[in-house]
Amino acid sequence: MTFLRFAWAWLTSGQQWHGSDSIPLRVAQHLGYSGLSLLIAALIALPLGVAIGHSGRGAFLIVSLANIWRAIPTLGLLIMMVVYLGFSPLTWLIPLVALAIPPILVNAYEGVLGVDPDLTDAGRGMGMTGWQVLRRVEIPVAMPLIILGLRTGAIFVVATATIAAEIGTGGLGRFIIDGLASNQYDQVAGGAALVVALALLVQFAFVGVRRLAVPAGLRQAGRS
Amino acid sequence: MITFDNVTKRYADGTVAVDGLNLDVPAGKTVVLVGPSGCGKTTSLRMINRLVDPTQGRVLLDGQDVQAANPSVLRRGIGYVIQHTGLFPHRTIEDNIATVPLLSGWGKAKARTRARELMDLVGLERAMARRYPHQLSGGQQQRVGVARALAADPPVLLMDEPFSAVDPIVRASLQDELLRLQGDLRKTVVFVTHDIEEAIKVGDLVAIFRPGGQLVQLDTPERLLGFPADRYVEDFVGFDRGIRRLSFFAAAGLDLDVRAVLTRETTVAEATQVAKGIGEQWVLVIDAERKPCGWVALADLESAPETATLADLSLVGWGHTFRPDTDSLRAALDATVLSRTGRAAGVDADGRVVGVTTYERMRAAIQSAEEAAVERQSGWQG
Amino acid sequence: MVWSWIPQNIGQILQLTLENAYLGVASALIGLGISVPLGIACVRWKLLYPPSLSITSAIYAIPSLALFVVLIPYTGLSDATVIIPLTLFSLCVLVPNVVDGLRSVPEPVRQAATAMGFGPLRRLARVELPVAIPVIIAGLRVATVSSISLASLGQLIGVSSLGYFFIDGLQRDFATEIFVGIAMVIVLALVADVALIVVRRLLTPWQRRHLPPAPPSVLTPASASREMAEVS
């Protein structure tokens, strides 16, 4: 396993763990970029997606978004930001947030839209106001898809944060890009190994989030 | 209690769902709205709790126009049961039932206690309180739906085809359950169905609708079966309405024959004499506790030794019995038709024979019941 | 924007577009070739499905750059280094769509086919797969668009694609080049998307008879957004 040999060699040599280019620092940066972007994207996309799904209007917007979003090359977007904004935090923040919004938005929309109309009818019929129906019925029932949207957004954000190293940010992508530039494959391998580990850890974290946030009755009943 | 005052519902594309509806739902009664698809019965129901608003006319609840009330507040005072239950999958059974009390501000403990009381009321085991809807059968889910509607003890209950999605056996038991509940609670119930049999079984009053949202006839089930207003109602009610109507006449009106009932110790000679004396072809044999043993034919009596007792002879099975004190003429007729001898034994609560009926006696009872009904009808119309 | 740059470099633009197209389309098609049998197997042997989903989801979560790098010792800096990870990504979208598509065949239809004498293989080919085509193509559209976009990242490890314009444009601080790169990727992706819609129409003539708007059903996903929601 050539790759692992290289990665292991690099990871176990002590200097990687200290100093200004250290692994802990890069991990923290990567999580920072990802977490902040995901948070901002969620703050924008969740209310929007829930609102559009609840009212049923604006579907055309969602469909157009779904078609175009995946086509946009992330590297190109990042580099275009550099041209306009130079090297500032917004340079990476805007593309990361922009890329995380569609999956969160679309899944929240689909989740709320897909709530069995009998449930909202029963809720209204029992005397819930529009807000109460949203809070007590639609959002809980839509939770599996909402979480899925956040998890998908997380995947894209972590991946794009990796590539962002090309435009000079920190994060674990730094090791890969620098290693490629200086032909040091062990650094490249080590960086890649860390990225894989981080990505999988983030996914595990979401499994935990799902367990916490999705009401028990929905989990066994299967996905809506 | 609930009044539809010339209510019309017209949609933007021109379809008229409800056309000039005038209907009174008396307090404490079950009124069933029945008709084919597109006849406006569900739309009418949903105008009571303002899920639909009328284009013209008013709906009054206890004399008050429902338009005057805040919709959410109004609905919390009205129970609402729908066909596919609409149980919240993300809530336990007890939390589902407790929904309206919790909405109205009851504490969680109080609401859950109430939920469990209701589970008892609708016949659900308390052990199920913490389960989730998908773990229950269709019939059980419907019971939860009814319990949920009754949780805040509303005076009015709206039911929109609540039992249509379950199989016939479960449906029958749910209907019985509803009748039992109504006997205890006396809610004002408005019930929508497309099944005329269900309407007749469950309703105190039945309102038949025509496609296009017109009310054609509002009557008791018995009068509906006996005196349909027009051809449409007659067709809708079904072809054997005469016989079905008999279930509204009491079997107590039957004049039962007590002479053709003899004990096992009776000798063949005595039996033959009795049978010839009353002019009957069959005699019912009973035991010491007056329980039926079977029928013996006059022809068999004549060919048997005179000194033998009825206990020695082979008997024809007594078939189905009926209860003259609680059953209807329809049950009595059914028992008579099913019997090989054309006669049915009427028994009491302990199974002891009270008397025997024949086709002739049935005919007489049906005729007098009919005459009484016609008199009532003209009195009612006059 | 320096518009004149475009005609001056049209040769290079077209060549890189073609190379990017090759990388993206090849990945999606190979992915299809793997996921159809795999999906059929998952429908046949239900226990196979959850682990298949878990593994493809896990791989999908890994940034493409990291996967390119992992393969370098084995496949060098060749097209395969890019195609293999993109193919694996496409599985995450395609396998669920194949499974859902096959499962969407109504049971009465399947039973009628069996009763008429279709053996399992022929039933699959003549009845089940055709019914599943719209759902499968919906997944293929997502996979193709994603693969084309991701293929541009191959340039980071030196595999020739439209990503070249991004990196070169960054180094030269030349906005026009970057724009052209982005535009070509998007155009390529949309062309592929439309082509697949046409393919779907051709393969499912029975659906063309429905007057628009067709009622949403499992066979015709009501919105493209549903495809996005399927990805886990």
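Analysis parameters
- Residues numbered from 1 in each chain as written.
- Chains lettered and ligands numbered in written order.
- Predicted model: local features only at pLDDT ≥ 70, side-chain atom pairs only at ≥ 80, totals over all residues.
- Helix = DSSP H or I, 4+ residues; strand = E, 2+ residues; numbered from the N terminus.
- Buried ≥ 20, exposed ≤ 12 C-beta atoms within 10 Å, placed from the backbone.
- Contact = placed C-beta atoms within 7 Å.
- Pairing = 2+ DSSP bridges.
- Axes fitted to C-alpha atoms, helices over the stretch in contact; angles between N-to-C directions.
- Parallel < 35°, antiparallel > 145°, perpendicular 65-115°, else oblique.
- Left-handed = near helix turned anticlockwise from the far one by under 90°.
- Nonpolar A, V, L, I, M, F, W, Y, C, P; charged D, E, K, R; others polar.
- Core = buried A, V, L, I, M, F, W, Y, C linked by C-beta atoms within 7 Å.
- Arc of directions from axis to C-beta.
- pLDDT = per-residue confidence, 0-100.

1. Description of the overall build of chain A
At step 1: Secondary structure summary: chain A contains ten helices and zero strands in total.
At step 2: Reading the secondary structure of chain A in the N-to-C direction produces α-α-α-α-α-α-α-α-α-α.
At step 3: C-alpha atoms of chain A, sized along the principal axes, occupy 65 × 40 × 25 Å.
At step 4: Here chain A holds 224 residues, and the buried ones make up 53% of them.
At step 5: If you take every contact in chain A between residues at least 6 apart in sequence, the share linking residues at least 24 apart comes to 74%.

2. Observations concerning the overall build of chain C
At step 1: When you go through chain C residue by residue, the secondary structure sums to eleven helices and zero strands.
At step 2: Starting at the N terminus and walking to the C terminus, you meet the elements of chain C as α-α-α-α-α-α-α-α-α-α-α.
At step 3: By residue count, 46% of the 232 residues in chain C fall in the buried class.
At step 4: Residue pairs at least 24 apart in sequence account for 75% of intrachain contacts in chain C once pairs closer than 6 positions are excluded.

3. Some words on the sheet that holds strand 15 (residues 343-347) of chain B
Residue and element names in this part refer to chain B.
At step 1: Read from one edge to the other, the open sheet built from three strands follows the order 14-15-16, with strand pairing classed as mixed. At either end of the open sheet lies a strand with only one pairing partner, and these are strand 14 (321-322) and strand 16 (353-358).
At step 2: Where strand 15 meets strand 16, five bridges bridge the pair, whose relative direction is antiparallel. Across the sheet, residue V347 finds its bridge partner in strand 16, namely V353.

4. So, the packing of helix 6 (residues 117-125) of chain A against helix 7 (residues 130-163) of chain A
Residue and element names in this part refer to chain A.
At step 1: Closest axis-to-axis distance for the helix 6/helix 7 pair is 10 Å, and the angle between their directions is 165°. The angle between helix 6 and helix 7 places the two elements in the roughly antiparallel class. In this structure, helix 6 crosses over helix 7, and the sense of that crossing is right-handed. Side by side, helix 6 and helix 7 meet where L119, T120, G123 and R124 of the first sit next to V133, V137, E138 and V141 of the second.

5. Focus: the interface of chain B and chain A
At step 1: In this assembly, 20 residues from chain B lie in contact with 20 residues from chain A.
At step 2: Of all the secondary structure elements, the ones that give two or more residues to the side of chain B that touches chain A are helix 2 (71-76), strand 6 (78-82) and helix 4 (99-103) of chain B.
At step 3: A total of four residues in the side of chain B that touches chain A trace back to one element, the largest contributor, which is helix 2 of chain B.
At step 4: Looking at the side of chain B that touches chain A residue by residue, the class counts come to ten nonpolar, seven polar and three charged.

6. Let's talk about the environment of Q111 of chain C
All names here are of chain C.
At step 1: You can see Q111 is positioned in helix 6 (residues 107-115).
At step 2: Of the residues examined, Q111 has 10 C-beta atoms within 10 Å and is grouped as exposed.
At step 3: Residues Q111 and R123 lie twelve residues apart in sequence; the distance between their C-alpha atoms is 9.9 Å.

7. Side note on the interface of chain C and chain A
At step 1: Between chain C and chain A, the contact holds 40 residues from the first and 42 residues from the second.
At step 2: Breaking the side of chain C that touches chain A down by element, the ones donating at least two residues are helix 3 (49-60), helix 4 (64-75), helix 7 (120-151), helix 8 (163-172), helix 9 (175-203) and helix 11 (224-230) of chain C.
At step 3: Looking at the side of chain C that touches chain A element by element, the count peaks at nine residues for helix 9 of chain C.

8. What to know about the arrangement of the chains
At step 1: Here the protein chains form two pairs of chains in contact, of which the pair with the most contacts is chains A and C.
At step 2: Looking at chain B next to chain C, you find no contact at all, with the nearest C-alpha pair sitting 19 Å apart.

9. Comments concerning the sheet that holds strand 2 (residues 16-25) of chain B
Residue and element names in this part refer to chain B.
At step 1: Read across the sheet, four strands follow the order 2-1-4-5 without closing on themselves; strand pairing throughout is antiparallel. Sheet topology places strand 2 and strand 5 (64-65) at the edges, where each strand pairs with a single neighbour.
At step 2: Note: strand 1 (residues 2-10) against strand 4 (residues 56-61), five bridges, orientation antiparallel. Counted as the bridge partner of T8 is Q56 from strand 4.

10. Some thoughts on the nonpolar core
At step 1: Core analysis: the biggest nonpolar cluster contains 206 residues, and A100 and A192 of chain A, I48, V190 and A207 of chain B together with V69 of chain C have the highest contact counts within it.
At step 2: With 19 residues, the top contributor of residues to this core is helix 7 of chain A.
At step 3: The next biggest cluster of nonpolar side chains, apart from the first, holds 33 residues, and it includes L256, V296, W318 and A345 of chain B.

11. Overview of helix 1 (residues 41-48) of chain B
Because an α-helix completes one turn every 3.6 residues, residues spaced three or four positions apart along the sequence face the same direction.
At step 1: A large share of helix 1 of chain B lies buried, amounting to eight of its eight residues.
At step 2: R50 of chain B, located one to two residues past helix 1 of chain B, shows a positive phi value of around 60°.

12. Observations regarding the pairing of strand 6 of chain B
Both faces of the sheet carry side chains from a regular strand, because those side chains alternate between them.
Residues and elements named next belong to chain B.
At step 1: Counting buried residues along strand 6, five of its five residues qualify, which places the element largely inside the surrounding structure.
At step 2: Alternating positions in strand 6 separate into two faces, I78, Y80 and I82 on one and G79 and V81 on the other, with burial throughout.
At step 3: Pairing of strand 6 with strand 7 (residues 156-160), which is carried by five bridges, proceeds in the parallel orientation. What sits directly across from I82, in strand 7, is D160.

13. A look at helix 14 (residues 329-338) of chain B
At step 1: Of the positions making up helix 14 of chain B, those classed as buried are L329, A332, L333, A335 and T336 of chain B. An end-on view of helix 14 of chain B places all buried positions within 160° of arc, on one side of the element.

14. Section: the packing of helix 4 (residues 74-85) of chain A against helix 9 of chain C
Each pair of packed helices can be described by the angle between their axes along with the distance between the axes.
At step 1: At a closest axis distance of 10 Å, the pairing of helix 4 of chain A and helix 9 of chain C adopts a crossing angle of 155°. In this view, helix 4 of chain A runs roughly antiparallel relative to helix 9 of chain C, as classed from their interaxial angle. Note that helix 4 of chain A runs across helix 9 of chain C; the crossing there is left-handed. In contact with G76, I79, M80 and V83 of chain A of helix 4 of chain A, helix 9 of chain C contributes A175, I178, G181, I182 and V185 of chain C.
At step 2: Here the residues of the contact of helix 4 of chain A with helix 9 of chain C are counted per class, giving seven nonpolar, two polar and no charged.

15. Side note on unusual backbone geometry
At step 1: The phi torsion at R186 of chain B lies on the positive side, around 55°, for a residue other than glycine.
At step 2: Along the chain, R186 of chain B falls in the loop between helix 7 (168-185) and strand 8 (188-193).
At step 3: A tally of 13 C-beta atoms within 10 Å means that R186 of chain B is categorised as partly exposed.
At step 4: Positive phi outside glycine occurs at D173 of chain C, with the angle close to 55°.
At step 5: Along the chain, D173 of chain C falls in the loop between helix 8 and helix 9.
At step 6: For D173 of chain C, a count of 10 C-beta atoms within 10 Å gives the class exposed.

16. Description of the environment of V66 of chain B
Residues and elements named next belong to chain B.
At step 1: By the element assignment, V66 lies in the loop between strand 5 and helix 2.
At step 2: Judged by the 21 C-beta atoms lying within 10 Å of it, V66 falls in the buried class.
At step 3: Sequence separation between V66 and F227 is 161 residues, and the spatial gap between their C-alpha atoms is 34 Å.
At step 4: Not counting the four nearest positions on each side in its chain, V66 is found in contact with I48, R50, V59, L61 and L74.

17. What to know about the confidence of the model for chain C
All names here are of chain C.
At step 1: With 89% of its residues at a pLDDT of 70 or more, chain C has an overall mean of 86.
At step 2: Mean pLDDT values over the elements of chain C span from 40, in helix 11, up to 95, in helix 2 (residues 10-44).
At step 3: Taken together, the stretch residues 209-232 has pLDDT below 50 and engages in 42 contacts with residues farther than four places along the chain or on a different chain.
At step 4: Across the whole predicted complex the pTM is 0.80, and at the interface the ipTM reaches 0.88.

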